[in-house]
Structure formats: C-alpha cells, structure tokens
Amino acid sequence: QVQLAESGGGLVQAGGALRLSCAASGRTFNAYTMAWFRQAPGQEREFVAAIRWSSGRTFYTDSVKGRFTISRDNAKNTLYLQMNSLKPEDTAVYHCAATALFSAVVHTTRPYEYWGQGTQVTVSS
C-alpha cells in the first residue's frame, strides 16, 4: 500500500507564503501524476495543481496561476506546493493525490487512487 503524508500547513496573513510537502512511502510506487486538491468547509474538493512525475509537465487551476508552484523531488518521492501571495479564499484543507496510471484528465478526483489526509491552510485577512 502507498501512503501519502502532507505537511507544511498553518496560519498565515494575506500576502504571505507557505510551502506544502507530500511524502510518499510504502511499497515501491512509480507515480505517473501527482496533484494537489483543496477542500473548504461546505464545498467540494477542487483541483489546484498537478505534475507529471517523469516529464515535470505542470497544470494549474486559473485562480492560482502565477502564485503557486508545484514541483517534485524524484529521489525523495516528495511533492511540493509553494504558495505565494496567499489570499483568504485560499483557506482550505489541502490534500495531495497520486496515480500510477496515465490519465489525460488531471483536474478531477477520479483518476487518483491514493490520497493523503490533508493539511490545513488558513489565510487571515
């Protein structure tokens, strides 16, 4: 079984920055795509960013383009999300997700078979 563990969340003022990490552990796992999703109270889980593990190609939702950067460290099996210029509307629980299978679609939850428990990000105004 593969485990994903997020860290790095916290409370930050608007305009501040945080870096989230997601460490993958367990049986040998060759991710094809890893992603970050977020879920605010009372709302559905929404796509934030994704990365093709081998090529490094990245995908972002429009609301975070230019502010967030997704990256990965292949040697450490770790996914990152650098979040700059944070806004109150970025407040949510952030989850990392992974799939070992190819999917042309990366922005929905369906392709991902592995999920972390999430880390809370709170942005105060």
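The coordinates are above.
Residues numbered from 1 in each chain as written. Predicted model: local features only at pLDDT ≥ 70, side-chain atom pairs only at ≥ 80, totals over all residues. Heavy atoms only, no water.

A.B. asks: Got a minute to help me understand the environment of Gln3 in this structure?
C.D. replies: Structurally, Gln3 can be placed in strand β1 (residues 2-7). Between the C-alpha atom of Gln3 and that of Gln117, which follows or precedes it by 114 residues, the distance is 9.6 Å. Not counting chain neighbours up to four residues away, the residues in contact with Gln3 comprise Ala23, Ala24, Ser25 and Gly26. (Helix = DSSP H or I, 4+ residues; strand = E, 2+ residues; numbered from the N terminus. Contact = heavy atoms within 4.5 Å.)

A.B. asks: Would you take a moment to explain unusual backbone geometry for this structure?
C.D. replies: What you tend to see is this: most non-glycine residues have negative phi, and most peptide bonds are trans. Look at Asn77: it is not a glycine, yet its phi comes out positive at around 50 degrees. Along the polypeptide, Asn77 turns up in the loop between β7 (68-73) and β8 (78-83). A positive phi angle is found at Ser85, which is not glycine, with a value near 50 degrees. The topology assignment puts Ser85 in the loop between β8 and β9 (92-99). With a relative accessible area of 42%, Ser85 lands in the partly exposed category. (Buried < 20%, exposed > 50% of the residue type's maximum accessible area, 1.4 Å probe, protein only.)

A.B. asks: Where do I start with the sheet that holds strand β3 (residues 18-26) in this structure?
C.D. replies: Hydrogen bonds between backbone groups are what pair the strands of a sheet, and the pairing can be parallel or antiparallel. If you walk across this open sheet you meet the four strands as β1-β3-β8-β7, and the pairing is antiparallel. The open sheet has two edge strands, β1 and β7, and neither has a second partner. Going across the sheet, the axis of each strand differs from the next one's by a mean of 15 degrees, ignoring polarity. In this sheet, β8 lies alongside β3 in antiparallel orientation, the contact comprising six bridges. Within the sheet, the bridge partner assigned to Cys22 lies in β8 and is Leu79. (Pairing = 2+ DSSP bridges. Axes fitted to C-alpha atoms, helices over the stretch in contact; angles between N-to-C directions.)

A.B. asks: Please clarify how the pattern of salt bridges should be interpreted in this entry.
C.D. replies: Close approach of charged atoms lets side chains of opposite charge pair. This structure, assessed with the given rule, holds four salt bridges. For Arg38, the salt bridge is made with Glu46, and the minimal N-O distance between the two is 2.6 Å. Residues Asp90 and Arg38 are paired through a salt bridge, measuring 2.9 Å at the closest nitrogen-oxygen approach. You can see Asp90 sitting in the loop between β8 and β9 and its partner Arg38 sitting in strand β4 (residues 33-39), a full 52 residues away along the chain. Judged by its relative accessible area of 1%, Asp90 falls in the buried class. Residues joined by salt bridges that share partners form a network here, namely Arg38, Glu46, Arg67 and Asp90. (Salt bridge = Lys/Arg side-chain N within 4 Å of Asp/Glu carboxyl O.)

Scope: geometric values only; no functional claims are made or implied.
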